[in-house]
Amino acid sequence: MADKEVADERQETIRHSMSHVMAEAVLEMFPDAQIAIGPAIENGFYYDFDLPRPLLTEDLDEITRRMKDIISQNKTFERKVVSRKEAAELFAGQKYKLELLDAIPEGEEVSIYNQGGFTDLCRGPHVKSTKELNKDAFKLLSIAGAYWRGKESNPMLTRIYGTAWSSPKELRVYLDHLEDIKKRDHRKLGQELDLFSLHEEAGPGLVYWHPRGAKIRLAIEDFWRNEHYKNGYDMVYTPHVGKSWLWETSGHLGFYKEGMYPPMKMDNTDYYVKPMNCPFHIMIYQNSKRSYKDLPLRWCELGTVYRYEKAGSLHGLMRVRGFTQDDAHLFVTPEQMDDEIIEVLRFSLFMLRSFGFTDIKAYLSTRPEHSVGEQERWDAATEALRRAIEKEGLAYQVDEGGGAFYGPKIDLKIKDAIGREWQLSTVQFDFNLPERFKLVFTDRDGEEKRPYMIHRALLGSIERFFGVLLEHYAGAFPPWLSPEQIRVVPVAENFFDYAKKLEMKFRQAGFRASADLSNDRMNAKIRASQMMKNPYTVIVGEKEETADQVSVRYRGGKQVNGIPTSEFVEEVRKAIDTKAQV
RNA sequence: GCCAAAGUGGCUCAGAGGUAGAGCAGCUCACUCGUAAUGAGCAGGUCCUCGGUUCGAUUCCGAGCUUUGGCUCCA
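Definitions and limits used
- Residues numbered from 1 in each chain as written.
- Chains lettered and ligands numbered in written order.
- Predicted model: local features only at pLDDT ≥ 70, side-chain atom pairs only at ≥ 80, totals over all residues.
- Heavy atoms only, no water.
- Salt bridge = Lys/Arg side-chain N within 4 Å of Asp/Glu carboxyl O.
- Helix = DSSP H or I, 4+ residues; strand = E, 2+ residues; numbered from the N terminus.
- Buried < 20%, exposed > 50% of the residue type's maximum accessible area, 1.4 Å probe, protein only.
- 1 Å grid on protein atoms, 1.4 Å probe; cavity = no way out; pocket = protein on both sides within 12 Å on 5 of 7 lines; lining within 4 Å.
- Points joined across faces, edges and corners; volume = space filled by probe spheres on them.
- Nonpolar A, V, L, I, M, F, W, Y, C, P; charged D, E, K, R; others polar.
- Core = buried A, V, L, I, M, F, W, Y, C linked by side-chain atoms within 4.5 Å.
- Domains from an automatic or database assignment.
- Contact = heavy atoms within 4.5 Å.
- Axes fitted to C-alpha atoms, helices over the stretch in contact; angles between N-to-C directions.
- Parallel < 35°, antiparallel > 145°, perpendicular 65-115°, else oblique.
- Expected span 1.5 Å × (residues − 1).
- Near = heavy atom within 4 Å.
- Polar contact = N/O pair within 3.5 Å; in protein donor to acceptor, adjacent residues only side chain to side chain.
- Pairing = 2+ DSSP bridges.
- Disulfide = S-S within 2.5 Å.
- Phe/Tyr/Trp six-rings, centres within 6.5 Å; stacked < 30°, edge-to-face > 60°.
- Lys NZ or Arg CZ within 6 Å of the ring centre and 35° of its normal.

## Thoughts on the pattern of salt bridges
(1) Moving on: Per the stated rule, a full pass over the model turns up 41 salt bridges.
(2) Moving on: A salt bridge links Arg212 to Glu484; the nearest nitrogen and oxygen atoms lie 2.6 Å apart. Taken together, the residues Arg212 in helix α7 (residues 211–230) and Glu484 in the loop between α14 (462–472) and β24 (486–490) connect sequence positions 272 residues apart. Note on accessibility: Arg212 and Glu484 belong to one class, buried.
(3) Moving on: What you see here is one network of salt bridges that share partners, running through Arg217, Glu221, Asp222, Arg225 and Glu463.

Shown next as structure tokens:
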């Protein structure tokens, strides 16, 4: 562990030094450039510049060439502590550096690093000499715009991203990893496997589920509904639009208006498409007097909501404007809160694990500065969340002040097959809505009391979850999720009838199956089935028909011939029931 | 929204100031084949949209729309 930390630190130093080398190269090319910041980041580094002209991809080659040249010169990195005045003179023409200098707290040391041709205001540390950098272990990756200090009101700078490692071999491994990410891209797989599409001409950020994608979605939703029933939830359905009164009361029009689709006018009232389901579930709650005996109420809905996401942030299925939350709202008494939270967390973990995610981390977010609700409630809720996490023995981090203004929350993040983290589940307390809608229940003492309200989504949104699943499995879904579990390929036209018979038999058994009766040759059909990543391709000809057998080609290419059909049906059923990967 | 790049048949992409091409997919015909592509032929495009420059624009210029990579990592 300690070794790893040392290695990580070393890696970070290399990356940071690399960014200085890049800055020197860029300044060689553009002596008038303004330089901003250039830190090491995960897997690499970047540097922000204010350049006289936009950069082209070709410029990266030139910068790379100059960087290699700089590295080969074995330049020494020299650290020097200077006074503020000296620093200000040194960076006289560099407005961003001067701003950074100003931001260094009084009393803190101001240091500069010089590597020969380039001096930067920098805390360090750096390598001793460019000797320690490997000119074949870095690569400039992309050019991007970035606001100075990340603020939209600030000028846009040109950022160059690069990756750097201590050896060419590590670089190679990382570049291969990037290739793998590209291959798994859900947008690419969605097209190749004919799962979904987006249509810019019909509205950006809105998802169309094709038959194959819809089959997977149904498998997810069926499982979701069944498990919710089993775990004490009731399903509700609510409308897609509501009058402005509803959104004014909920506070969405106050806090969230820019995230909502604009209103539709009808009967002199504005109607809004829902960005969230909660106000509707509250309407159901309000429909009757509620007794402590009715609580806890657990209402779930696969509710489709619409949000106006910024045009530039839309991304495949991961960031869309119309999506289906696997939403639920729990209305509980204060006494029930602890048990409910523990239960919600347990259920979340069960769901995530069912989909093959085993590496799960929790993030507990506490009260932010601007927030509503009594402190006691915040404390009680936050502690309930913490107890639940600890009871499950989950690794967790606390994000102090990271909660929503209306309540503390737990987010669950999973790691996918190639180590990327995705946030899926969220469990949030809400002290705002019960107050705003004046929710009450009658307690056993006859007093009306305010219930706790908990929002939770386990998969997050079906669209995004599907995208994550698709990338996690690289399109090779385990049979229980596979859109086409079995494809039957007859070796020749004479066996079309037997193939059809088998297809029906499999369908009767509850499998998603089809027979390929096109006039392609058998080889082409097998290839087509493999390309679609179907888990089982069943090949049948005379031998199989006579003996009531199937020959199976598994997704990975493995072949087993002459399996009795009934035995194969059992094998598939077992794989589906156990949610096994094959 | 902002910066940059891109938008050419269903898909992946090539191309040039003189109204376009490949592979795959589709359709037709022939072949009926035992574990990753049978062959031949046909059809398919307002070259994103709207303006401008030009004898002529899909190509050059401008605007718009959309997509992609970023805009969190703090000297």
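Back to the write-up after that little detour.
## Thoughts on empty space enclosed by the protein
(1) Moving on: Under the counting rule described, the total for this entry stands at one cavity of 30 Å³ or more.
(2) Moving on: Each pocket or cavity is described by its volume, and for the largest cavity that value is around 50 Å³.
(3) Moving on: Leu193, Leu195, Arg212, Ile216, Gly475, Phe477, Ser482, Pro483, Met532 and Lys533 together form the lining of the largest cavity.
(4) Moving on: Across the lining of the largest cavity, the residue classes break down as six nonpolar, two polar and two charged.

## Remarks on the layout of surface pockets
(1) Moving on: The volume enclosed by the largest pocket comes to roughly 1100 Å³.
(2) Moving on: Put simply, the parts of the chain that give the lining of the largest pocket at least two residues each are α9 (252–255), β16 (322–332), β19 (409–415), β20 (421–430) and β23 (452–461).
(3) Moving on: For the lining of the largest pocket, the per-class residue count stands at 15 nonpolar, 16 polar and eleven charged.
(4) Moving on: Quantified by volume, the second largest pocket comes out at close to 650 Å³.
(5) Moving on: Taken together, 27 residues make up the lining of the second largest pocket; nearest its centre are His16, Leu121, Cys122, Arg123 and Gly124.
(6) Moving on: For the lining of the second largest pocket, the secondary structure elements donating two or more residues are α1 (2–29), α4 (95–103), β5 (110–114) and β6 (119–121).
(7) Moving on: Class assignment of the residues belonging to the lining of the second largest pocket gives a composition of twelve nonpolar, six polar and nine charged.

## Concerning the nonpolar core
(1) Moving on: Counting 88 residues, the largest nonpolar core has Phe355, Phe466, Ile486 and Phe568 as its most contacted members.
(2) Moving on: Among the elements that line this core, the one with the most residues is helix α11 (residues 337–354), at nine residues.
(3) Moving on: Each of domain 2 (214–239 + 290–472) and domain 3 (486–577) gives at least three residues to this core.
(4) Moving on: Not counting chain neighbours up to four residues away, the residues in contact with Ile486 comprise Phe506, Phe511, Arg512, Ala513, Ser514, Tyr536, Val538, Phe568 and Val572.
(5) Moving on: Ranked by size, the runner-up nonpolar core spans 31 residues in total, among them Leu55, Ile71, Val127 and Ala164.

## Overview of the packing of α7 against α14
(1) Moving on: Taken N-terminus to C-terminus, the directions of α7 and α14 make an angle of 105°; their axes are 11 Å apart at the nearest point. Compared by their axis directions, α7 and α14 come out roughly perpendicular. Listed contacts from α14 to Gly213, Ile216, Arg217, Ile220 and Glu221 of α7 are Ile462, Glu463, Phe465, Phe466 and Leu469.
(2) Moving on: Considering only residue class, the contact of α7 with α14 consists of six nonpolar, one polar and three charged.

## Section: helix α5 (residues 168–184)
(1) Moving on: For α5, with 17 residues, the first-to-last C-alpha span of 24 Å sits near the 24 Å given by 1.5 Å per residue.
(2) Moving on: Residues of α5 that are buried include every one of Leu171, Tyr174, Leu175 and Arg184, and no others.
(3) Moving on: In this structure, the buried residues of α5 make contact with β7 (138–147), β8 (156–164), α6 (186–192) and α14.

## Digging into the protein's contact with RNA strand B
(1) Moving on: Taken together, the neighbourhood of RNA strand B is formed by 54 residues, with Leu121, Cys122, Tyr147, Glu544 and Gln559 sitting nearest.
(2) Moving on: Close to the protein, within 4 Å, the atoms of RNA strand B belong to sugar or phosphate groups at a rate of 54%.
(3) Moving on: Here a sugar or linking oxygen of RNA strand B and a side-chain polar atom of Lys97 are 3.1 Å apart.
(4) Moving on: The separation between a sugar or linking oxygen of RNA strand B and a polar side-chain atom of Gln559 is 2.4 Å.
(5) Moving on: Its residues assigned to classes, the surface near RNA strand B shows 22 nonpolar, 15 polar and 17 charged.

## As for helix α2 (residues 57–72)
(1) Moving on: For α2, spanning 16 residues, the distance from its first C-alpha to its last is 24 Å, which sits close to the expected 22 Å at 1.5 Å a residue.
(2) Moving on: Following α2 by one or two positions, Asn74 has its phi on the positive side, about 50°.

## Observations concerning the sheet that holds β16
(1) Moving on: Spatial strand order, β11-β15-β16-β23-β20-β19-β17-β18: eight strands in an open sheet with mixed pairing. If you trace the sheet from one side to the other, it starts and ends with β11 (234–235) and β18 (396–399), each paired once.
(2) Moving on: Looking at chain direction, β20 and β23 are connected through five bridges and run antiparallel. Bridge pairing links Val427 to Arg456 in β23.
(3) Moving on: Here helix α12 (residues 375–391) sits on the sheet and contacts β17 (360–365), β18, β19, β20 and β23; the angle it forms with β17, its principal contact strand, is near 165°.

## Describing the state of the cysteines
(1) Moving on: Tallied over the entire structure, the rule returns zero disulfides.
(2) Moving on: You can see Cys278 has no disulfide; the closest cysteine sulfur is in Cys300, sitting 15 Å from it.
(3) Moving on: Residue classification places Cys278 among the buried positions, given a relative accessible area of 3%.

## Some thoughts on the domain arrangement of chain A
Often, the extent of an interface is quoted as the loss of accessible area upon association of its parts.
(1) Moving on: Assigned domains within chain A: domain 1 (2–168), domain 2 (214–239 + 290–472) and domain 3 (486–577).
(2) Moving on: Taking the mean C-alpha position of each, domain 1 and domain 3 sit 59 Å from one another.

## Let's talk about the packing of aromatic side chains
(1) Moving on: Under the definition given, this model contains 30 aromatic pairs.
(2) Moving on: Here Phe355 and Trp480 contribute two aromatic rings whose centre-to-centre distance is 5.1 Å and whose plane-to-plane angle is 40°, an arrangement assigned as tilted. One end of the pair, Phe355, is in the loop between α11 and β17; the other, Trp480, is in the loop between α14 and β24, and 125 residues separate them in sequence. Note on accessibility: Phe355 and Trp480 belong to one class, buried.
(3) Moving on: Clustering of aromatic rings is evident, with ring pairs tying together Phe223, Phe350, Phe355, Phe357, Phe465 and Trp480.
(4) Moving on: Seen from the ring of Tyr452, Arg377 lies directly overhead, with NZ or CZ sitting 4.1 Å from the centre.

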